[in-house]
Amino acid sequence: MPTKVHRRLPAWSYSRLRDFRQCPRAAFWKHLEKPVVDGIEIVEQENPAMVRGSGIHKLAEGFTLGTIKKLPGELASFTEEFAEARIAKKKGVEESWAFDRDWQSVDWFAFNVWLRIKVDLWIRKSKKILRIIDVKSGKRRGSYDEQMRIYAVGGFTKFSDVDEVHSELWFTDQGEIDSRSYKRAEFPKLRSIIEKSVEPMFSDTVFAPLPGPACRWCIYAKDKTGVCKFSSNGA
């Protein structure tokens, strides 16, 4: 039987929620209590895809703010979109939004922070319409509905005068845009959906390992760092 750890995740983000669903025990080690092996703390390192993604985000930020004069080739599929963003924005780039359990804005590292949202770019399309944009690199994987819903709720919470939020994902490698539009009238229902979706994560005090395909890349695997009882093949 898994051993209870009697600790809970204090705050969440979309990426942390994905980590938990993929494997609660790995999420515990990554976000709550980093394991130590032979006196060395085991910390997840950025892989090449993560490094590339961070680089593309910096290019997007630099061009939008004007510190990079020419649109980088990595963003060439969105020439018109980034040109529009550059004209519209001198702020709202790479912002960090944080909320407590009552959906009040708080500091990113506040003692009562509950949700953290990283926003690549937001634009007021009009006085009543807000666009929230996430710049993505790499392959498209599954559905992004939940992530876009979180952006929408964050937008409605942050800007009380907004009637409509457009959540947009710009896939730089495919040159595609995935978008969803949300009305202010949907806000209470959207918020309730999000609150219910994170209940299992916040009530978990066991963080049982969940062997599966993700074990292949897990640094805690038995045949890698030896922290977990499961190997990289999930056995």
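This text goes with the structure placed above it.
Scope of this entry: the structure provided in the associated data block. (Residues numbered from 1 in each chain as written. Predicted model: local features only at pLDDT ≥ 70, side-chain atom pairs only at ≥ 80, totals over all residues. Heavy atoms only, no water.)

**So, the sheet that holds strand 5 (residues 129–136)**
Under the convention used in this document: Note on pairing: DSSP must find at least two bridges between two strands before they are called paired. By definition, any uninterrupted DSSP run of H or I lasting at least four residues is a helix, any uninterrupted run of E lasting at least two residues is a strand, and each is numbered from the N terminus. Helix axes use the C-alpha atoms of the stretch in contact, all axes being lines fitted to C-alpha atoms, and the angles between their N-to-C directions lie in the range 0 to 180 degrees. In this analysis, two residues are considered to be in contact whenever any of their non-hydrogen atoms come within 4.5 Å of each other.
With mixed pairing, the 5 strands of this open sheet are ordered in space as 3-4-5-6-7. Among the strands making up the open sheet, the edge pair consists of strand 3 (93–99) and strand 7 (176–183). Across the sheet, the mean angle separating the axes of adjacent strands is 35° when strand polarity is ignored. Two strands pair when backbone bridges link them, and strand 5 and strand 6 (residues 164–171) are joined in this way by 8 bridges, in the parallel orientation. Residue Ile133 lies in a different strand from strand 6, and its bridge partner there is Glu168. Along the sheet face, helix 3 (residues 48–65) touches strand 3, strand 4 (115–126) and strand 5 and points at about 110° away from the line of strand 3.

**Some thoughts on the packing of helix 5 (residues 145–158) against helix 6 (residues 187–197)**
Where we set the bar: By the definition adopted for this analysis, an angle is roughly parallel if under 35 degrees, roughly antiparallel if over 145, roughly perpendicular if from 65 to 115, and oblique otherwise. Should the near helix be turned counterclockwise from the far one by less than a right angle, the crossing is left-handed, whereas a clockwise turn marks it as right-handed.
Their axes nearest at 10 Å, the elements helix 5 and helix 6 cross at an angle of 125°. Here helix 5 is positioned oblique relative to helix 6, judged by the angle of their axes. In this structure, the crossing between helix 5 and helix 6 has a hand that is left-handed. Within the contact between the two elements, helix 5 uses Glu146, Arg149, Ile150, Val153, Phe156 and Thr157 and helix 6 uses Phe187, Leu190, Arg191, Ile193, Ile194 and Ser197.

**What to know about the environment of Asp145**
The criterion, for reference: Pairing of N or O atoms within 3.5 Å defines a polar contact, subject to two protein rules: one partner must be a possible hydrogen donor and the other a possible acceptor, and residues neighboring in sequence count only if both atoms are side-chain atoms.
Assignment of secondary structure puts Asp145 in helix 5. As a C-alpha pair, Asp145 and Val36 span 109 residues in sequence and 37 Å in three-dimensional space. In contact with Asp145, not counting residues within four places along its chain, are Arg180 and Tyr182. Polar side-chain contacts of Asp145 include one of 2.8 Å to the side chain of Arg180.

**Some points on helix 5**
Using the following cut-off: Expected span of a helix: the number of residues minus one, times 1.5 Å. Relative accessible area decides the class of each residue, using a 1.4 Å probe on protein chains only: under 20% of the type maximum gives buried, over 50% gives exposed, and in between gives partly exposed.
The end-to-end C-alpha distance of helix 5 is 20 Å, a good match for the 20 Å that 14 residues give at a rise of 1.5 Å each. With 12 of 14 residues buried, helix 5 lies mostly within the body of the structure. Residues Glu146, Gln147, Met148, Arg149, Ile150, Tyr151, Ala152, Val153, Gly154, Gly155, Phe156 and Thr157 constitute the buried set of helix 5.

**As for the pattern of salt bridges**
Pairs can form between side chains of opposite charge whenever their charged atoms are close. Threshold: Salt bridges are defined by distance alone: a side-chain nitrogen of Lys or Arg within 4 Å of a carboxyl oxygen of Asp or Glu.
By the definition in use, this model includes 13 salt bridges. The residue Glu146 makes a salt bridge to Arg21 at a minimum N-O spacing of 2.6 Å. Here Glu146 is found in helix 5, whereas its partner Arg21 is found in helix 1 (residues 14–22), with 125 residues between them in sequence. The class for Glu146 is buried, based on a relative accessible area of 16%.

**Concerning the side chain of Lys136**
Counting through the fold element by element, Lys136 comes out in strand 5. In terms of polar contacts, Lys136 uses its side chain to reach the side chain of Asp134, at 3.0 Å. At 3.2 Å, the side chain of Lys136 and the side chain of Gln147 are in polar contact. The residues touching Lys136, leaving out its near neighbours within four places in the chain, are Tyr144, Gln147, Leu169, Trp170, Phe171, Thr172 and Asp173.

**What to know about the packing of helix 1 against helix 5**
It is the contact of helix 1 with helix 5, at a shortest axis distance of 11 Å, that shows an interaxial angle of 145°. Classified by chirality, the crossing of helix 5 by helix 1 is right-handed. On helix 5, the residues touching Tyr14, Leu17 and Arg21 of helix 1 are Glu146, Gln147 and Ile150.

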